[in-house]
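Coordinate inspection notes
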Amino acid sequence: MADKKFSSEKMERYFNDPEYRHGNMKLNKRYFKKRYLLFFAGIFVAVALLTWYSVYIVNGLPTLEQLENPKPELATKIYSADGEVLDQFAFKNRTRVTLNKLPAGLTKALVATEDKDFYNHWGVNLPRFIRQMIINVVTFRQAGASTITQQLARNLYGLQIRHETMFDKITRKIREFFTSVQIERRYTKNEIMEFYLNISGFGRGAYGIESAAQMYFGKSAADLTTPEYTLLIGMLKGPSYYDPFTHADRAFERRSVVINQMVKEGLLTEETAKQVRADSLELRSADSEFRSGIAPHFVESIRQQLLKNAEMHGYNIYRDGLRIYTSLDSRMQRYAISAIEEHLKEYQQTFDATWDWKEHPDIMSDVINKAIREDESYSKSRNAMMRDSIRRELRTSRPFIDSVLKAAQTIEVGFVVIDPHNGQIKAMIGGRNYRTFKYGLNHVTQIHRQPGSAFKPFVYTVALDNGYPACYEVLNQPVTIPMPDGSRWAPENFEKDIGGKYTLREGLKHSVNLIAVRIILEIAPAAQVSTYAHRMGITSPIPAYESLALGTAEVSPLELTSAYGVYDNEGVLVSPISILRIEDNDGNVIEENSPDKKEVLSKETAYLMTDLLKGVVNSGTGTRVRSYFTGACAGKTGTTNDFADAWFVGYTPQLVAGVWVGFDDARLRFKSADGQGGRAAAPIFGLFMQKTYEDPEIGLTQEIFVQPEGIITDTICVDTKKKAREWCPNKTTEIFNAKYPLGLCDKHTSADWNQGKESDDTRKKSKINW
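Below is a summary of the structure that appears in this document.

The rules we used
Residues numbered from 1 in each chain as written. Predicted model: local features only at pLDDT ≥ 70, side-chain atom pairs only at ≥ 80, totals over all residues. Heavy atoms only, no water. Phe/Tyr/Trp six-rings, centres within 6.5 Å; stacked < 30°, edge-to-face > 60°. Buried < 20%, exposed > 50% of the residue type's maximum accessible area, 1.4 Å probe, protein only. Lys NZ or Arg CZ within 6 Å of the ring centre and 35° of its normal. Helix = DSSP H or I, 4+ residues; strand = E, 2+ residues; numbered from the N terminus. Pairing = 2+ DSSP bridges. Patch = residues over 30% accessible without salt bridge, like charges linked within 9 Å, V, L, I, M, F, W, Y side chains within 5 Å. Areas by Shrake-Rupley, 256 points an atom, 1.4 Å probe, with all protein chains shown as cover. Salt bridge = Lys/Arg side-chain N within 4 Å of Asp/Glu carboxyl O. Expected span 1.5 Å × (residues − 1). Polar contact = N/O pair within 3.5 Å; in protein donor to acceptor, adjacent residues only side chain to side chain. Contact = heavy atoms within 4.5 Å. Core = buried A, V, L, I, M, F, W, Y, C linked by side-chain atoms within 4.5 Å. Axes fitted to C-alpha atoms, helices over the stretch in contact; angles between N-to-C directions. Parallel < 35°, antiparallel > 145°, perpendicular 65-115°, else oblique. Nonpolar A, V, L, I, M, F, W, Y, C, P; charged D, E, K, R; others polar.

1. A look at the packing of aromatic side chains
Under the definition given, this model contains 22 aromatic pairs. Pairing Tyr 241 with Tyr 242 gives two aromatic rings, centres 4.9 Å apart and planes at 85°, and the pair type is edge-to-face. Among the residues examined, Tyr 241 registers a relative accessible area of 46% and is labelled partly exposed. Members of the aromatic cluster, connected to one another through ring pairs, are Tyr 347, Phe 351, Trp 355, Trp 357, Phe 663 and Phe 670. When the ring centre of Tyr 325 is taken as reference, the NZ or CZ atom of Arg 581 above it lies at 4.3 Å.

Structure representation (structure tokens):
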């Protein structure tokens, strides 16, 4: 049967007509040439696509350097001086642990559950891999059954991306294949197992078995029991899905699968497996932190220091697993928290009962407007119309306004404790918000407020160093001082009293303002006081004005506390430090710190000031300390105008501590003497020292301040405040700097010093007419 395409007439013409035949041959050549071109073009495109895909796959593989030196992201840990983990810095919460420290059954449970042929294959179980690929391509769903090495390749080198398409999944599987083979070529099975257990995710931000053990059980991975590690191994299949906090039933069902696999492989007997299943486990509270969270402001100051030096040392605090050893003592930190909570809980109630926002409408309006501007929805609004709408809504929201006003009237606190002999910061409370701290204001290092009378010791220090004894008398009389702006300043005492005289000792003990002002006018010039304050560790500007006598220059609690440490440390300034040592993940020391030390006062002047400041605590404005702490201590209160800021800075022979109490908005203030430093701040110092010295684990002993050889004790005349003679009727003892000897009493110079006075009295009496 003839082909329909070619009829008998066409065939006859083709053979008999040469022109017709040549025309058709040209058409056929063009047809076949086109087919050939399409064929080779298809091959070229296929080769190009294959080449591109091969390059694409290769570009996503780890480099030789990455294979030889894998660097999983490790958390940087912050340690206290007594070995407690205070916090950590990390994108992923991961802590490395060696395989030999883990329970023997843990790795066996992992192999039995995840990859029973782990010790026999070369990184990939080929039949399982082919099955995976077929299921992925044919059914368009993901198949599991990756080997431990393949899972390691995926997790260690970040081969998996979020929201994978089918193309992404197939590409990732191929990359895992090649990477797994390379891993097996370079590492032993035990090394691969150790890598796997240290980088795998266990949910809730925990990466690695050590972090998981801490997260869920509050213990080291080395101490995990069979019921505990079987739960963790089961979670590897899906940490969120098998989260024991939120999906306990799923987690324990999955644990049963692990236990059954161990029984099947002969790793557990049926009797033991029954006991393991019956253990319901004691998990850590889901609300508890992996870290203690007791010193967030201190930790943030550590973070800022580390970031400042990161480039110089070439480390990344979020990836390199550094170990930061700090000065903070976690026990003292907890006592600081306890002292603040104990004191301010009642004090806050007292303030709330006296403060009425209706009496301060301007402050209230400012506080609300500021809160609105800082509100996230307001700051992220796209245009003025949206901002106006949000502002109107928030200003009429009672819950919003109440929360803002409550926060504004919260009494704030800054408290720091330093060892004055080595400069180590032992405790730091940067604010009342330490439990929910989000890199907020640190009221120890970041605020600068007037210290009030807490600055007076610097004035008295200059007077003593200038050779004036502690018994030197100053008039308690009013004074008017012209100021640089042309105004006149007339300082007053707190009680408005005037008259008489005060010795330097009594003037400081009772914090008499006029005495401090007259000292700076007569025997301790303002410029010299400013110089001494800077020499003793104050870094803030100290203008040399007479008002300096009452503490008008703004300082931070940290620098003021450190400066008081000079008195405690025999005149030697030791700069505060918080980072003692930085080690890399292998224990190599990157940085080791020691404080700068400098003698800035004589031992004699330092001790004389300590003796004067002891009087403040024992019988002056700081006596409330004695309601809690009876050991040797010295210190000074401070209160600014209208009770805006309350201070107490004090020290024992071993520790110096500073307390500031006030408000973030300085316009809020106490309405009575409750805002005095002796009431608002001093009790926190006393409570802290009481708790700290009573703890036998801390091991601080009750010591006394040691009197240096250059200090002498002598008897003085009460009337003239000079060295007593045998005829002086009233005598007392006083201590002096031997460098500045005291003159003899010039009133009671002989046994008959009062004969003239007696004859006068007699003559007066003789005028009486009996």
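2. Re the pairing of strand 17 (residues 646-651)
Here is the key point about a regular strand: its side chains alternate between the two faces of the sheet. Burial analysis of strand 17 places six of its six residues in the buried class, the great majority of the element. Burial along strand 17 is two-sided: the face carrying Ala 646, Phe 648 and Gly 650 and the face carrying Trp 647, Val 649 and Tyr 651 are both buried. Relative to strand 17, strand 16 (residues 634-639) is paired through six bridges, and the arrangement is antiparallel. Counterpart to Lys 636 in the pairing with strand 17 is Val 649. Here strand 16 folds back onto strand 17, and the loop between the two strands holds six residues, one of which, Asp 642, carries a positive phi near 60°. Where strand 17 meets strand 18 (residues 656-662), six bridges bridge the pair, whose relative direction is antiparallel. In the strand pairing of strand 18, Ala 646 is matched with Val 661. Hairpin connection between strand 17 and strand 18: a loop of four residues separates the two successive antiparallel strands.

3. Observations regarding unusual backbone geometry
In the Ramachandran plot, Ser 511 falls in the positive-phi region, its phi being about 50° despite a non-glycine side chain. Looking at the element boundaries, Ser 511 is found in the loop between helix 20 (504-509) and helix 21 (513-522). When its relative accessible area of 14% is taken as the criterion, Ser 511 is described as buried. Phi angles above zero are rare outside glycine, and Glu 570 is one such case at about 55°.

4. Thoughts on a nonpolar patch on the surface
Together, Tyr 36, Phe 39, Phe 40, Ile 43 and Val 47 give the surface a local cluster of nonpolar side chains, amounting to about 550 Å² of exposed area. Mapped onto the fold, Phe 40 is located in helix 2 (residues 18-59). Relative accessible area serves as the criterion here: at 54%, Phe 40 is assigned to the exposed category.

5. Overview of helix 23 (residues 557-568)
Its twelve residues place the ends of helix 23 17 Å apart at the C-alpha level, agreeing with the 16 Å of an ideal helix rising 1.5 Å per residue. Buried residues dominate helix 23, accounting for twelve of its twelve residues. Listed as buried for helix 23 are Pro 557, Leu 558, Glu 559, Leu 560, Thr 561, Ser 562, Ala 563, Tyr 564, Gly 565, Val 566, Tyr 567 and Asp 568. Positive phi appears at Glu 570, one or two residues downstream of helix 23, with a value of about 55°.

6. A look at the side chain of Asp 243
Position of Asp 243 among the secondary structure elements: in the loop between helix 10 (226-235) and helix 11 (248-264). Side chain to side chain, Asp 243 and Arg 204 meet in a polar contact 3.0 Å long. Contacts of Asp 243, omitting those with residues within four sequence positions, involve Arg 204, Tyr 216, Ala 248 and Ala 251.

7. A few points about the nonpolar core
Ranked by internal contacts, the top residues of the largest apolar core, which has 136 residues, are Phe 415, Phe 458 and Ile 519. It is helix 14 (residues 330-354) that provides the largest number of residues to this core, a total of eight residues. Not counting the four nearest positions on each side in its chain, Phe 415 is found in contact with Ala 336, Ile 340, Ala 427, Met 428, Ile 429, Val 444, Ala 657, Gly 658, Val 659, Ile 684 and Phe 688. Judged by nonpolar contacts, the second largest core, of 44 residues, contains Leu 106, Ala 109, Tyr 187 and Ile 233.

8. Section: the sheet that holds strand 7 (residues 425-429)
Overall, antiparallel pairing links the five strands, which are arranged 7-6-18-17-16 in an open sheet. Both edges of this open sheet fall to strand 7 and strand 16, since each of them pairs with a single strand only. Direction aside, the axes of adjacent strands within the sheet are offset by 5° on average. With seven bridges joining them, strand 6 (residues 412-418) and strand 18 adopt antiparallel strand pairing. Among the inter-strand pairings, Val 417 is bridged to a residue of strand 18, identified as Ala 657.

9. Comments concerning the packing of helix 19 (residues 456-465) against helix 22 (residues 526-535)
It is at 9 Å that the axes of helix 19 and helix 22 come closest, and there the two elements cross at 105°. On the basis of their axis angle, the class for helix 19 and helix 22 is roughly perpendicular. Across from Phe 458, Val 459, Thr 461, Val 462 and Asp 465 in helix 19, the residues of helix 22 making contact are Gln 528, Val 529, Tyr 532 and Ala 533. Class assignment for the residues of the contact of helix 19 with helix 22 results in six nonpolar, two polar and one charged.

10. What to know about the sheet that holds strand 2 (residues 85-89)
What holds strands together in a sheet is hydrogen bonding between their backbones, with the strands either parallel or antiparallel. Taken in spatial order, the five strands make up an open sheet running 2-1-5-13-14, and their pairing is mixed. With one partner strand each, in any of the chains shown, strand 2 and strand 14 (589-592) form the two edges of the open sheet. Each adjacent strand pair in this sheet contributes to an overall mean axis angle of 15°, direction not counted.

11. Section: the pairing of strand 1 (residues 76-79)
In strand 1, alternate side chains face the same way, and those of Thr 76 and Ile 78 on one face and Lys 77 and Tyr 79 on the other are all buried. Sheet analysis places strand 1 next to strand 2, joined by four bridges and oriented antiparallel. Looking at the pairing, Tyr 79 lines up with Val 85 of strand 2. Between strand 1 and strand 2, which follow one another and run antiparallel, lie five residues, and Gly 83 among them has a positive phi close to 90°. Inspection of the sheet shows strand 1 paired to strand 5 (residues 323-326) by three bridges, in the parallel sense. For Tyr 79, the partnering residue across the bridge sits in strand 5 and is Tyr 325.

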